[in-house]
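Spelled out, the chains give:
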Amino acid sequence: MKKTLLITVLVLFCLPMLLSTAAEAVQAEEEKSIDSVAILWTSGDPEVAKKMVFLYTYNAKSRGWLKNIKFIIWGASTLLVSQDKEIQEWVKKLDEAGVELYACKWCADQYEGSGLLEELGVEVIY
């Protein structure tokens, strides 16, 4: 009987402490989790853009996987945006979803795409 009483007392007093410690550990892990990311898109391959880069970025933002996404158009991707209407639609979709859009000014100027990128909602900066 004393053994049962002792175990019951230990459980009643220790369990809340253990649960509290476990909850604090979960909260600490959540605080460490990543909520922001910068995606640097450099590929001129339309399949990579449509099936990976845009799809992941859009889903990460719209499904709440990540709160803050900076999407950077750089290099050959600048040329692809200027030539491909479907890619342009994807860029607009990202903008509407709340993704922060940026492009390298030097790259955009080299491909004569600064104006178009700005029309699509992209901030073109050095």
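Here we summarise the structure given alongside this text. (Residues numbered from 1 in each chain as written. Predicted model: local features only at pLDDT ≥ 70, side-chain atom pairs only at ≥ 80, totals over all residues. Heavy atoms only, no water.)

### A closer look at the overall build of the protein
Each helix and strand in the protein was counted, giving 6 helices and 4 strands. When the elements of the protein are put in sequence order from the N terminus, they spell out α-β-α-β-α-α-β-α-α-β. Out of the 126 residues in the protein, the part that is buried amounts to 29%. Of the contacts made within the protein by residues no fewer than 6 positions apart, 64% connect residues no fewer than 24 positions apart. Of the roughly 8,500 Å² of accessible surface on the protein, a fraction of 61% belongs to carbon and sulfur atoms. (Helix = DSSP H or I, 4+ residues; strand = E, 2+ residues; numbered from the N terminus. Buried < 20%, exposed > 50% of the residue type's maximum accessible area, 1.4 Å probe, protein only. Contact = heavy atoms within 4.5 Å. Areas by Shrake-Rupley, 256 points an atom, 1.4 Å probe, with all protein chains shown as cover.)

### A look at the packing of aromatic side chains
Scanning the model with the defined rule gives 6 aromatic pairs in all. Plain terms: the ring middles of W41 and F54 are 5.0 Å apart, the flat faces sit at 65° to each other, and that makes the pair edge-to-face. In this pair, W41 sits in strand β1 (residues 36-41) while F54 sits in helix α2 (residues 46-62), placing the two residues 13 residues apart along the sequence. Like W41, the residue F54 is buried in the burial classification. Judged by centre distance (6.2 Å) and plane angle (40°), the rings of Y56 and W65 are tilted. Three or more aromatic residues joined by ring pairs form one cluster here, namely W41, F54, Y58, F71 and W90. For K93, the ring lying beneath its charged end belongs to Y58, and the centroid distance is 4.5 Å. For the cation-ring pair, K93 lies above W90, with the distance from its terminal atom to the ring centre recorded as 4.6 Å. (Phe/Tyr/Trp six-rings, centres within 6.5 Å; stacked < 30°, edge-to-face > 60°. Lys NZ or Arg CZ within 6 Å of the ring centre and 35° of its normal.)

Geometric values such as these leave the question of function open.
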